[in-house]
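# Summary of structural features
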Amino acid sequence: MTKNLLVELGLEEMPAYTVKPSMKQLRQKMGQFLDENRLSFEKIEMFSTPRRLAVRVVNLADQQSDYSEDFKGPSKKIALDADGNFTKAAQGFVRGKGLTTADIEFRSVNGEEYAYVTKNEAGKPVKEVLTGIIDVLKSLTFPVNMHWANHTFEYIRPVHTLVVLLDDEELDLDFLDITSGRTSRGHRFLGKAAQIASADSYEEDLEAEFVIASAAKREDMIIEQIRNIEQTYNVSVEIDEDLLNEVLNLVEYPTAFMGRFDQKYLELPEEVLVTSMKTHQRYFVVCDQAGKLLPNFISVRNGNDQFIDNVIKGNEKVLLARLEDGEFFWREDQKLQIADLVDKLKLVTFHEKIGSLYEHMMRTKSIAAYLSDLSDLTEEEKAQVERAASIYKFDLLTGMVGEFDELQGIMGEKYAVLAGENRAVAAAIREHYLPTSSEGELPDTKVGAILAIADKLDTLLSFFSVGLIPSGSNDPYALRRATQGIVRILDKFGWEIPLDDLIANLYQLNFDSLVYQNQSDVMDFIRGRVEKMIDASVPKDIREAVLDSSTHIVRLQVEAAATLTEKSKDPNFKVSVESLSRVFNLAEKAGNQSVDTSIFENDHEQELYDAVTELHFTEDMTENVDRLFALSPIIDAFFDHTMVMAEDEAVRNNRLALLAALGEKAKTIAAFNEINTK
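Nothing here was measured: the structure is a model prediction, and the numbers come from that model.

Here we take up the environment of Thr622. With respect to the helices and strands, the residue Thr622 is situated in helix H25 (residues 621-629). On the accessibility criterion, Thr622 (36% relative accessible area) is partly exposed. Considered as a pair, Thr622 and Glu559 are 63 residues apart in the sequence and their alpha carbons are 8.5 Å apart. Here Thr622 is in contact with Thr563 and Lys567, once residues within four sequence places are set aside.

In this section: the packing of helix H13 (residues 379-391) against helix H17 (residues 446-465). Where H13 meets H17, the axes come as close as 9 Å, and the angle between the chain directions of the two elements is 45°. The angle between H13 and H17 places the two elements in the oblique class. In this structure, H13 crosses over H17, and the sense of that crossing is right-handed. Touching Glu381, Gln384, Val385, Ala388 and Ala389 of H13 are Lys446, Val447, Ile450 and Leu451, all from H17. Residues of the contact of H13 with H17, tallied by class, amount to six nonpolar, one polar and two charged.

This next bit is on the UniProt feature "domain: DALR anticodon binding" (unreviewed entry) in the protein. The UniProt record marks residues 580-663 with the feature "domain: DALR anticodon binding" (unreviewed entry), using the residue numbering of this structure. Structurally, residues 580-663 is divided into 64% helix and 0% strand, and its ends, taken at the C-alpha atoms, are 8 Å apart.

Turning next to the sheet that holds strand E5 (residues 105-109). The three strands are arranged E4-E6-E5 in an open sheet whose pairing can be described as antiparallel. Since the sheet does not close on itself, it has two edges, and those belong to strand E4 (67-75) and E5, each with one partner. Direction aside, the axes of adjacent strands within the sheet are offset by 40° on average. With five bridges joining them, E5 and strand E6 (residues 112-121) adopt antiparallel strand pairing. Bridging from a neighbouring strand, Arg107 pairs with Tyr114 of E6. Packing against the sheet, helix H3 (residues 88-95) makes contact with E4 and E6, and its axis sits at approximately 165° to E4.

Okay, the environment of Leu490 next. Within the secondary structure, Leu490 sits in helix H18 (residues 479-493). In this view, Leu490 contacts Ile453, Trp495, Ile497 and Leu499; residues no more than four positions away in its chain are not counted.

Right, let's talk about the nonpolar core for a bit. Trp495, Leu564 and Phe672 are the most contacted members of the largest nonpolar core, which totals 127 residues. Considering every element that reaches this core, the biggest residue donor is H17, with twelve residues. What Phe672 contacts, discounting residues up to four positions off in sequence, is Leu564, Val577, Leu580, Ser581, Phe584, Leu628, Phe629 and Ala666. Judged by nonpolar contacts, the second largest core, of 38 residues, contains Val19, Met23, Leu166 and Phe175.

Turning to the packing of aromatic side chains, a few remarks are in order. Evaluation of the coordinates by the stated rule reveals 20 aromatic pairs. The side chain of Lys97 reaches across the aromatic face of Phe71, ending 5.0 Å from its centre. Taking the ring centre of Phe639 as reference, the NZ or CZ of Arg582 above it sits at 4.0 Å.

A word on a negative patch on the surface. Where like charges cluster on the molecular surface, the negative patch consists of Asp603, Glu607, Asp610 and Glu614. Relative to the helices and strands, Glu614 resides in helix H24 (residues 603-614).

With that settled, the discussion passes to empty space enclosed by the protein. The rolling of a water-molecule-sized probe over the atoms marks out the regions of remaining empty space. Under the criterion given, the structure shown has one cavity of 30 Å³ or more. Put simply, the largest cavity is a space of about 30 Å³. Lining the largest cavity are Leu490, Asp491, Gly494, Trp495, Glu496, Ile553, Val554 and Arg555. Here the residues of the lining of the largest cavity are counted per class, giving four nonpolar, one polar and three charged.

The rules we used
Residues numbered from 1 in each chain as written. Predicted model: local features only at pLDDT ≥ 70, side-chain atom pairs only at ≥ 80, totals over all residues. Heavy atoms only, no water. Helix = DSSP H or I, 4+ residues; strand = E, 2+ residues; numbered from the N terminus. Buried < 20%, exposed > 50% of the residue type's maximum accessible area, 1.4 Å probe, protein only. Contact = heavy atoms within 4.5 Å. Axes fitted to C-alpha atoms, helices over the stretch in contact; angles between N-to-C directions. Parallel < 35°, antiparallel > 145°, perpendicular 65-115°, else oblique. Left-handed = near helix turned anticlockwise from the far one by under 90°. Nonpolar A, V, L, I, M, F, W, Y, C, P; charged D, E, K, R; others polar. UniProt positions renumbered as here; feature names shortened; annotations may be inferred. Pairing = 2+ DSSP bridges. Core = buried A, V, L, I, M, F, W, Y, C linked by side-chain atoms within 4.5 Å. Phe/Tyr/Trp six-rings, centres within 6.5 Å; stacked < 30°, edge-to-face > 60°. Lys NZ or Arg CZ within 6 Å of the ring centre and 35° of its normal. Patch = residues over 30% accessible without salt bridge, like charges linked within 9 Å, V, L, I, M, F, W, Y side chains within 5 Å. Areas by Shrake-Rupley, 256 points an atom, 1.4 Å probe, with all protein chains shown as cover. Salt bridge = Lys/Arg side-chain N within 4 Å of Asp/Glu carboxyl O. Lys, Arg positive; Asp, Glu negative; His and termini not counted. Charge placed at Lys NZ, Arg CZ, Asp CG, Glu CD. 1 Å grid on protein atoms, 1.4 Å probe; cavity = no way out; pocket = protein on both sides within 12 Å on 5 of 7 lines; lining within 4 Å. Points joined across faces, edges and corners; volume = space filled by probe spheres on them.

The following block contains the structure:
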């Protein structure tokens, strides 16, 4: 017989961004708890609002399954003394299992007898086991915590209610002085306390008190309401997924409505309007059928449509204040001079241990010049990089960016164009912030890409130099994102710049403001970001072998990993890799001498030498691996007929030098002795 279990935790209002991950965490930990306690179930359904997290376990078994497990103990000669009595070792073994020596039996394993015990445990009724739900709730972790009243225990928000029902039966549990029952909370303004009749009636009982417990249902309601507004007013609304996720976790009973603002504000840059609406007010942007911005917005109320006109007016008034600020800053910022703002950056701290923003810009300018010479930029583009690097942070001191920091770079581009700067320079000012997330949009222009890489490189090297190095998940300065941006941009533009050489050369630059330190730590950190570029399907050993290659060009490492993974399905892969592994292992013993063909003692040495000399790689990674693997029979013949570690020192060193020459070429693809062929 099965039952449905409902667990609802009622909280003070949670931050919107925490609701969805907390809900998933509760479901995952509840499932883990039931599995560990041998309670079978069909599925776990999720419910969440800003003020509750809940799960419903469907078709939960009414009793644990029975448990039986064999345990192997010491051998018989250790378990029994000379008189046939159980030793302390045997007694300790059974004591740890909650049994006695009477439960021991001896079984033969590979010709020797060992002590065994079998532990049997009858399944408990489900209600006895479910007391552990409190431990599940306590185990939840959150990005922010607080404590309240006299509790020292910290949680995301104060707990108000706890509902635990097994079908329609209340379970008596206690969590932070809250006793469980069937009383939940309805909508903050429209509803009253909700009595949950049973696990099955949970959604209906809450909806009667103006709470839509299912996030999926609230989302469908919001989308449907917005689509109805579109049809009614012949407008178009782009439903941004991130904004939708945030809004649905701010409301328990959604009602969408459309407001408007004065047409004159459409003269502001569209980004200012969109940021004011989406980011600051969580409004959806409204356009006409051609995609042109209209003086309207859509918001979602946490409630029904009563007094909706007053709600609309209130939202319009709040937005008006934002737009007034935007209009003021847009007008006043255009009176400023870029040169004056750049000079004032000398007084703005980048980081107290690193120096000013101006000093950061000047280091970035030097790095950008170096990168420009390594890349396929024209002289005109190099000049544009130099100009952009000289001014690119100026907009941080404008009023608009001070009020709307999300517009940094975006406003810089607009103000630069208005000031007469080249459009390529202006675009680079915006693009240097890209990507803004680990998988975000990358720069489109070469000038912007070079500036973005240079800015991120100085940020990385500067923070590492003063010991501000990310550890674990702690990365307050987003250095992982910055470094991921570096390798992704290099890969996108096909700039085959070896990262080890690049970093080594940057450490040779001299600045009055800062001396770069911790070079090896920087390279290890970059290596980790390159690893993220490699497809997750690549086996760990191949990934490590490629990362330990002598080539630190992002594109080639990514392609080598993909190619070797595909080749690993070939039946000849094992033989080829093992041949190269022997080469690598012996090549480590080689010195720095060159190969002398005059002291070859057999044809196989000459044949391998000729093959190595003729081995040339192209831009096609598959072809390169094929060429390398084609040497496998020649390598094997060499080893079959040649004693590498010959007694004659000259002969031995010459043979090691030959293998080192092959290993050096092969290592441009991967360190093949790190690939597991077993």
